[in-house]
Amino acid sequence: MGIKQIKSVSEYSKIRGAETLHPLINVLDYDNLKFLEPASYNFSFYCIFLKETKCGDLRYGKETYDYQEESLVFVAPGQILTVEKYSPGIKPKGKVLIFHPDFLRGTALNHIMTDYRFFSYSVNEALHLSIKEKDMVVNMFNTIENELQQNLDKHSKTLVISHLQLLLNYSTRFYDRQFITREHINKGILERFEDLLNNYFSSDRPVDIGLPSVSGCADELHLSANYFGDLIKKETGISAQEYIQTKVIDITKEKIFDNNKSISEVAYELGFKYPQHFTRLFKQKTGVTPIEYRNLN
């Protein structure tokens, strides 16, 4: 079965049996929606699903979304979302906010959409809402819906964009809270990341493949690169890339005292294609070149 493309807000609204409040943005209520046919979909617009029941119907890539009751799921244009049959006997409850990138054109929000990295989160990364947070989100969905139901005037778009940005900013705050409240899970991921790097550098992979990448590590940990990067930053205060570089420097300091190996050999063993890149990174992190470090110690 191929991937079904849904290109417009009005096309999606029509398929779900809902009124199109605006050709570029709409709010839909699950109470009044037709079921989406089980299939893989490629939407040309942003989707924010507020799920108030756990109905096991959404999959991103190979994994089912990790959402319980009261969750938000964010999907960016072009992502492949698989809709599966609903769990037996469960009627979906919640809302869907969809908006086309064209709705953002010419607004300040358009320039900062990439800051809302959760649109690139995928597996096991839905936003779990407290009851209070869910009530706030429902209120923001309703405010946008009410504004779209008014007769459009010169203020309409500015107000809708403001409420949309407010929703995204609160979602950022709620995700920050989730990173903290799921700290025990995050610590486990950090430990697995450390083990992954240790195993990587004690194998032949650096010579065969090169330095480990953030996206490669995220894949091995079954996380999206953005979620993984944000989690590591929250837990350690540095980016995942900086964490890898710090690990490289720590291992370098052990290897560098083998006088039988040249600095170039150490660089190649660690996965550097060019020794000068290795020397530059080492000096940037330690203040001295590898040779100076070897001689100093």
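Rules of the game
Residues take numbers from 1 onward in each chain, read along the sequence in its written order. Reporting in this predicted model follows two pLDDT cut-offs: at least 70 for local features of residues, and 80 or more for side-chain atom pairs to be given and counted; totals over whole chains, interfaces and linings ignore these cut-offs and use all residues. Water and hydrogen atoms play no part in the side-chain values, which are based on all heavy atoms of the structure. Think of it this way: any DSSP run of H or I at least four residues long counts as a helix, any run of E at least two long counts as a strand, and we number them from the N terminus. Whether two residues touch is decided by their heavy atoms; if any such pair falls within 4.5 Å, the residues are in contact. Methods summary: accessible areas were calculated by the Shrake-Rupley approach with a probe of 1.4 Å, and residue burial reflects only the protein chains presented. This count recognises Lys and Arg as positive and Asp and Glu as negative, with His and chain-terminal groups excluded. Charge coordinates come from a single atom per side chain, which is NZ of Lys, CZ of Arg, CG of Asp or CD of Glu. Exposed residues in this analysis have more than 50% of their type's maximum accessible area, buried residues have under 20%, and partly exposed residues fall in between, with area computed by a 1.4 Å probe over protein chains only. As a per-residue quantity, pLDDT reports the predictor's confidence and falls between 0 and 100. The criterion for strand pairing is that DSSP finds at least two bridges linking the strands in question. Only centres within 6.5 Å qualify two rings of Phe, Tyr or Trp (six-membered ring in Trp) as a pair; their planes then separate them into stacked at under 30 degrees, edge-to-face at over 60, and tilted for everything else. Counting as a charge over the ring demands two things of the Lys NZ or Arg CZ atom: a distance within 6 Å of the ring centre and an angle within 35 degrees of the ring normal.

## Details of the overall build of the protein chain
Then, number 1: Helix and strand counts for the protein chain come out as 13 helices and 10 strands.
Then, number 2: With the C-alpha coordinates of the protein chain rotated into their principal frame, the extents come out at 75 × 45 × 35 Å.
Then, number 3: Counting only contacts in the protein chain whose residues sit at least 6 apart along the sequence, the fraction spanning at least 24 positions is 72%.
Then, number 4: Here the protein chain has roughly 15,000 Å² of accessible surface; of this, 49% comes from carbon and sulfur atoms.
Then, number 5: The centroid of the 36 positive side-chain charges in the protein chain is displaced by 3 Å from the centroid of its 38 negative side-chain charges.

## Observations regarding the environment of Tyr-200
Then, number 1: The topology assignment puts Tyr-200 in helix H6 (residues 183-201).
Then, number 2: Taking relative accessible area as the criterion, Tyr-200 reaches 6% and is therefore assigned buried.
Then, number 3: Separated by 164 residues in the primary sequence, Tyr-200 and Leu-36 have C-alpha atoms spaced 43 Å apart.

## Examining the confidence of the model for the protein chain
Then, number 1: For the protein chain, the average pLDDT comes to 88, and 92% of its residues sit at 70 or higher.
Then, number 2: A low-confidence stretch, residues 60-67 stays under pLDDT 50, and its non-local contacts, those more than four residues away or across chains, total 33 contacts.

## Considering the pairing of strand E7 (residues 71-75)
Then, number 1: The buried count for E7 comes to five of five residues, which makes it a mostly enclosed element.
Then, number 2: Summarising the sheet, strand E4 (residues 46-51) and E7 pair through five bridges and their orientation is antiparallel. Looking across to E7, one finds that Cys-47 is bridged to Val-75.
Then, number 3: Judged from the two bridges that link them, E7 and strand E10 (residues 127-128) form a sheet pairing that is antiparallel. Looking across to E10, one finds that Ser-71 is bridged to His-128.

## Let's talk about the packing of aromatic side chains
Think of a pair of aromatic rings as described by two things: how far the centres are apart, and how the planes are tilted against each other in angle.
Then, number 1: According to the stated counting rule, one finds 21 aromatic pairs in the structure shown.
Then, number 2: Ring centres 5.4 Å apart and planes at 85° place the aromatic pair Phe-74 and Phe-119 in the edge-to-face group. Of the two residues, Phe-74 is situated in strand E7 and Phe-119 in the loop between helix H3 (108-112) and E10; the sequence distance between them amounts to 45 residues. Each member of the pair Phe-74 and Phe-119 is classed as buried.
Then, number 3: An aromatic cluster of at least three residues, connected via ring pairs, comprises Tyr-46, Phe-74, Phe-99, Tyr-116, Phe-118, Phe-119 and Tyr-175.
Then, number 4: Lying over the aromatic face of Phe-103, Lys-157 brings its terminal NZ or CZ to 5.3 Å of the ring centre.

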